[in-house]
Amino acid sequence: MIYSPPLLETFIAVCQHRNFTQAATVLRKSQSCVSMQITQIEHTVGLPLFDRRARPLTLTDAGAKFLEFAKRILRTIDECSGYMKDMSAGSAGELRIATFPALVNFLVSPVLVNLVKSFPNVSIQIVGLGPSAAYEALRQGEIHFGILLAESTPPEFLVTPIRNEPLYFVSSKKHPLAVKKSLVSIDDLRKTPLVLGSSGHDYTAMIDKSLRGLGVDSYRVALRISNFDGMKKAVHSGIGLGILPRFAVAEELEKGTLKQVHVKGAAFMARMALIENQKVFPLPTVEYVKNIFLKELAN
């Protein structure tokens with residue numbers, strides 16, 4: 001095959017030295033071997049690549065063009081070899097990760113920044129999906145793994161727990177429940193307007209299940225918003241009580257712009273886990289990035 005590295009290297013050496021004998025010496029081949037390889041290339045191409053009448057040898061127009069391609073092919077082979085080597089070492093590759101949209105800003109982005117700085121050859125695409133959509137994406141091979149808040153997971157997937165994330169009842173600092181010294185009762189909670197996520201979202205369903213488990217079968221909804229930032233702003237305005245993960249409100253609680261409300265008997269938790277399709281063989285890069293996320297998000 002004329003595009004094999006040994007043949008291309010022979011051709012380039014002859015181009016550099018413009019002499020079969022000198023090229024043969026550099027390549028540690030016989031002059032007859034070099035001459036035969038060049039003849040083989042020319043026969044396959046169907047055009048003369050050198051003007052053998054000239055001294056030193058001169059490239060024909062076809063030879064000059066073939067030299068461009070030969071260098072490009074060898075460069076591509078080198079790049080491919082290097083990239084594959086980096087992939088096998090876990091320092092190169094392309095990853096697609098699904099995560100709960102709110103996790104991106106609060107937890108996933110800081111990990112990504114450090115990853116990109118340390119491993120510039122690793123390309124990562126983050127896809128904002130809830131659990132149900134992430135499970136289907138895993139089945140279809142559209143993502144490598146998911147980082148999700150989910151109570152339960154289909155048994156077909158491999159699940160690695162990361163941590164249990166507390167869910168806090170939060171209010172504005174002027175809300176009547178924020179200044180109440182005793183625990184908020186279930187009756188108080190039933191009467192208090194809530195700021196919740198959009199209907200049909202996985203997180204909203206998880207909150208509804210937690211409330212019902214607490215004995216709050218019916219509750220008032222002041223507003224439904226599809227993202228945590230919007231929910232926090234609504235809560236801050238005083239229109240209702242929100243139920244949000246600790247990571248989403250830690251800064252506001254520390255600054256005092258929001259207050260944690262303690263409800264009697266309530267200890268809501270969301271399981272954060274890394275979900276994989278156990279039928280897919282993971283590449284070293286996927287394993288490496290996965291382990292970094294497991295370590296960083298567990299803290």
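Up top you'll find the structure we're talking about.
Note that residues are indexed from 1 along each chain, following the sequence as it is written. Whole-chain, interface and lining totals are the exception, using all residues; otherwise, since this is a predicted model, local features are given only for residues with pLDDT of at least 70 and side-chain atom pairs are given and counted only at 80 or more. To obtain the side-chain values, all non-hydrogen atoms of the structure were used and water was disregarded.

Things to note about the side chain of His175
Link 1 in the chain: For the purposes of this entry, the term helix denotes a DSSP run of H or I that reaches at least four residues, the term strand denotes a run of E that reaches at least two, and both are numbered from the N terminus. Assignment of secondary structure puts His175 in the loop between β6 (157–172) and α7 (186–191).
Link 2 in the chain: A residue is classified by how much of its surface remains accessible, and His175, at 9% relative accessible area, is buried.
Link 3 in the chain: Contact definition: two residues touch when any of their heavy atoms are within 4.5 Å. The residues contacting His175, other than those within four sequence positions of it, are Thr192 and Gly238. Relative accessibility thresholds used throughout: buried, under 20% of the residue-type maximum; exposed, over 50%; partly exposed, between the two (1.4 Å probe, protein chains only).

Regarding the pairing of β6
Link 1 in the chain: Of the pairings in the sheet, the one linking β6 to strand β11 (residues 269–277) comprises nine bridges and is antiparallel in character. Counterpart to Pro166 in the pairing with β11 is Met269.
Link 2 in the chain: Following DSSP output, two strands are said to pair if at least two bridges run between them. Here β6 pairs with strand β9 (residues 241–245) via four bridges, running antiparallel. The residue bridging Tyr168 from the neighbouring strand is Leu244, located in β9.
Link 3 in the chain: When β6 meets strand β10 (residues 258–261), the two strands line up antiparallel, connected through four bridges. Bridged to Ser172 within β10 is Leu258.

Things to note about the packing of aromatic side chains
Link 1 in the chain: The aromatic pairing rule takes the rings of Phe, Tyr and Trp, using the six-membered ring of Trp, and pairs them if the centres are within 6.5 Å, calling planes under 30 degrees apart stacked, those over 60 edge-to-face and the rest tilted. With the rule as written, the count across this model stands at 11 aromatic pairs.
Link 2 in the chain: Judged by centre distance (5.9 Å) and plane angle (50°), the rings of Phe100 and Tyr203 are tilted. Residue Phe100 is located in the loop between β3 (93–99) and α5 (101–118), and its partner Tyr203 is located in helix α8 (residues 202–213); the two are separated by 103 residues in the primary sequence. Just as Phe100 is buried, Tyr203 falls in that class too.
Link 3 in the chain: Look at Phe106 and Phe247: their rings are 5.7 Å apart centre to centre, the planes differ by 50°, and that puts the pair in the tilted class. Taken together, the residues span a long stretch of sequence, with Phe106 in helix α5 and Phe247 in helix α10 (residues 246–255) at a distance of 141 residues.
Link 4 in the chain: Here Phe106 falls in the partly exposed class, since its relative accessible area comes to 24%.
Link 5 in the chain: The exposure class assigned to Phe247 is buried, which follows from its relative accessible area of 11%.

As for the pattern of salt bridges
Link 1 in the chain: Throughout this description, the term salt bridge denotes a Lys or Arg side-chain nitrogen within 4 Å of a carboxyl oxygen of Asp or Glu. Overall, the coordinates contain 14 salt bridges when judged by the stated rule.
Link 2 in the chain: Between Arg163 and Glu165 there is a salt bridge, with the nearest N and O atoms lying 2.8 Å from each other.
Link 3 in the chain: Residue Arg163 is classed as buried on the basis of its relative accessible area of 16%.
Link 4 in the chain: Looking at Glu165, the relative accessible area reads 0%, which means it is buried.
Link 5 in the chain: Across the pair Glu252 and Lys232 runs a salt bridge whose closest N-O atoms are separated by 3.0 Å.

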